[in-house]
Amino acid sequence: MGTFQWVWQYIRRNMKLLIPATLLIFVNAAAIVVAPLIGGWIIDQVIGQGHTERLVPFLLIMIGVTLGRTIVRYIYQVIFEQVGQNVMWDIRHDLFEKLQKLDFTFFNNVSTGDIMARMTGDMDAIRNFVAWDSYNLIECVLWFVTAILVMGSINWPLTLALAALTPFIGFLTMHMSNEAHPVYFQIREAFAHLNSMVEENISGNRVVKAFTREPYEIEKFNKLNDAYKARNMDAARVSRRYLPPLDILASMLSVIVLILGGFLVIKGAMTLGDLVAFNGFLWMLNQPMRMSGWLINDVQRFSASTIKIRRMLGAKSSIPVQDSEHYQKLQGYVTFDHVNFEYADAPEVPVLHDISFTVKPGETMGILGETGSGKSTLMNLIARFYDPTSGEVLIDGKNAKDWPVRQLRDQITIVMQDLFLFSDTIQDNISYGNRQAEPQLIQHMADVADASQFIAEMPDGYDTVVGERGVGLSGGQKQRISLTRALVKNPSILILDDTTSALDMETEAEIQKKLSPITQKKTTFIIATRISSLRHADQIIVLKHGDIIERGTHDELIAKHGYYFDTYQKQLGALGVKGGESNGEA
Ligand SMILES: Nc1ncnc2c1ncn2[C@@H]1O[C@H](COP(=O)(O)OP(=O)(O)OP(=O)(O)O)[C@@H](O)[C@H]1O
């Protein structure tokens, strides 16, 4: 589908506005010819033939039509702006909806700044095209054609002489368009890079300051700023090269009218009034010629932005999110059957290798492993954020791929390592996954996650706004709110990825005690580095470089004297506790 065809899908939804607006453009174009015609009549009839009584009516018509024309133009300009805004709304909506459906793989590969460039600058190029360029293009064509027709009816040889310049204009605009296209594409790319850098710098501003790397960041920014400026200068150079010849051609029109028209008047082949009228029509030829350069620039900018937006709209998710009428409650059986996994962007690095296990409803599985051993990846496969490269993940005995994704994720909750709270009240953050949650449930779960006390001490309690625009929270507070949010959702499968790592051991033990009656009714996965978080799990696996190297209960693993035992010993040592017996508290 071509660029214009694509945007037409959106524009045509506004036919009720577009048809009257386009008709008004025609009315305006017809009204434009009145003033020059009357100008000619005043010369010929009032001045030349002495019909002075016609002067006032001529002038009144002239003023009335000009006034009416101005009002008509104002009305259709507003309507086109409305259409532009409607089109932007629809495309923005489609883009945002698309973003909600795209999977982790997409977000791993596209920067936030790039996405923001699509949602802002590129969107603006489309608004500009629909709300401004479109009616200007129609006006230019209409004025040009109307001028040629009316001037042709007054004096066709002179009109033909003027029309002879048209092929030159066509040639210049076509060349300018071809040259401008890649430049505008590069401008959009450079803008996206600039956006990405700024976004990353703002997100990571604490790291920048901690490492006092402000000068380095400024230098990096300046390079991208220079590149953006240079691309814009390239575009300016293209237009500056073509605009003067277009201007010269437009000025040549006056020269032709003066020389050839004057000659025709002297020869008596044309009246002076006709020549004045002709001169009055000149701007209707002039204006489109001068505008053509600017319009081409805008159209190229629009075209480049459209290509980028369409790429994003066309991005494919390897895990499509589909709804299902029939809602099936998960029991919570999770089975990994010889699962292997590599990330699509790093297929040469095996992340999980031949993983098999089964966890039943009500059971808790603990996962231990050094950093980068594949623990989080394993959990992401359960919620189907990724699909295994080979082998199967079975949920309640059915391949996870055969579950409607929304249904699956609705009943599986991961408290991710990478905690995120929205710029919203604590109450809304906690009830994010369960909007109907009663205040008592929220209060109870906040108690379980040991969050209720510090929330009560906040300036507005549960109504305190946290996140980017609100009160800052400590890592441990964020973890406890995230845990409350997960518990309030009441999932069948609960995954806690290093959820209590920022808490002291006493608080962690307290939370574990309160969590126990809840997790007994769910399938729970706990990823932790502290043995104290894992020791009560029904089964524990130890991962190393994507392989399960040990599995069993706490006691069995202690007895094995392997990685788990060593970790346990080190943690006991760190606490200054002697011995390694299985019932010792870590
Ligand atoms: N999006 C990604 N693309 C490519 N490789 C990735 C991606 N995410 C993680 N990896 C790689 O996969 C491996 C496992 O990562 P994972 O996050 O699952 O480890 P982990 O055991 O949870 O680590 P940690 O304890 O540090 O959280 C690592 O080698 C990591 O570099």
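Residues numbered from 1 in each chain as written. Predicted model: local features only at pLDDT ≥ 70, side-chain atom pairs only at ≥ 80, totals over all residues. Heavy atoms only, no water.

## Here's the deal with the overall build of the protein chain
Thinking step 1. Across its full length, the protein chain carries 21 helices and 10 strands.
Thinking step 2. Computed over the C-alpha atoms, the radius of gyration of the protein chain is 36 Å, more than 25% above the 25 Å expected from 2.2 N^0.38 for a compact globule of 586 residues.
Thinking step 3. In terms of principal-axis extent, the alpha carbons of the protein chain reach across some 120 × 50 × 50 Å.
Thinking step 4. In the protein chain, the share of contacts with a sequence separation of at least 24, taken over all contacts with a separation of at least 6, comes to 77%.
Thinking step 5. Surface exposure of the protein chain reaches about 29200 Å², of which carbon and sulfur atoms provide 59%.
Thinking step 6. Distance between charge centres in the protein chain, computed from 54 positive and 62 negative side chains, equals 6 Å. (Helix = DSSP H or I, 4+ residues; strand = E, 2+ residues; numbered from the N terminus. Rg over C-alpha atoms; globule rule 2.2 N^0.38 Å. Contact = heavy atoms within 4.5 Å. Areas by Shrake-Rupley, 256 points an atom, 1.4 Å probe, with all protein chains shown as cover. Lys, Arg positive; Asp, Glu negative; His and termini not counted. Charge placed at Lys NZ, Arg CZ, Asp CG, Glu CD.)

## A closer look at the packing of helix α6 (residues 112–154) against helix α7 (residues 156–163)
Two numbers describe a pair of packed helices, the interaxial angle and the distance between the axes.
Thinking step 1. Packing of α6 against α7 brings their axes to within 6 Å, and their N-to-C directions diverge by 145°. Residues I148, M151, G152 and I154 of α6 touch α7, and the partners they reach there are W156, T159, L162 and A163.
Thinking step 2. Class assignment of the residues belonging to the contact of α6 with α7 gives a composition of 6 nonpolar, 2 polar and no charged. (Axes fitted to C-alpha atoms, helices over the stretch in contact; angles between N-to-C directions. Nonpolar A, V, L, I, M, F, W, Y, C, P; charged D, E, K, R; others polar.)

## Brief notes about α6
Helical geometry note: an α-helix holds 3.6 residues per turn, so side chains three or four residues apart project in the same direction.
Thinking step 1. Compared with an ideal rise of 1.5 Å per residue, which puts 43 residues at 63 Å, α6 spans 60 Å between its outermost C-alpha atoms and is within 8% of the ideal.
Thinking step 2. Along α6, the sharpest kink reaches roughly 40°, centred on D133. (Expected span 1.5 Å × (residues − 1). Bend = angle between axes of the 7 residues up to and from the residue.)

## What about the layout of surface pockets?
Thinking step 1. Volume-wise, the second largest pocket comes out at about 610 Å³.
Thinking step 2. Those elements giving two or more residues to the lining of the second largest pocket turn out to be β3 (364–369), α18 (505–519), β8 (523–527) and α19 (531–534).
Thinking step 3. The dominant element in the lining of the second largest pocket, judged by the number of residues it contributes, is α18, at 8 residues.
Thinking step 4. The class makeup of the residues in the lining of the second largest pocket is 11 nonpolar, 14 polar and 7 charged. (1 Å grid on protein atoms, 1.4 Å probe; cavity = no way out; pocket = protein on both sides within 12 Å on 5 of 7 lines; lining within 4 Å. Points joined across faces, edges and corners; volume = space filled by probe spheres on them.)

## A look at the site of the ligand
Thinking step 1. Around the ligand, 13 residues are found, and the nearest of them are T371, G372, K375, S376 and T377.
Thinking step 2. Within the side chain of Y343, one N or O atom sits 3.5 Å away from a nitrogen atom of the ligand.
Thinking step 3. Take G372: an N or O atom from its main chain is 2.9 Å from an oxygen atom of the ligand.
Thinking step 4. Compared with its free state, where it exposes 630 Å², the ligand has 66% of that area covered by protein.
Thinking step 5. Examining the composition of the shell around the ligand, we find that 3 residues originate from one element, helix α12 (residues 375–382), more than from any other. (Near = heavy atom within 4 Å. Polar contact = N/O pair within 3.5 Å; in protein donor to acceptor, adjacent residues only side chain to side chain.)

## With respect to the UniProt feature "transmembrane region" (unreviewed entry) in the protein chain
Thinking step 1. Cross-referencing UniProt, the feature "transmembrane region" (unreviewed entry) maps to residues 21–43, 55–76, 129–150, 156–174 and 246–266 in the present numbering.
Thinking step 2. Secondary structure within residues 55–76 divides into 100% helix and 0% strand; the distance between the first and last C-alpha atoms comes to 32 Å.
Thinking step 3. Along residues 156–174 one finds 89% helix and 0% strand; the C-alpha atoms at either end are 27 Å apart. (UniProt positions renumbered as here; feature names shortened; annotations may be inferred.)

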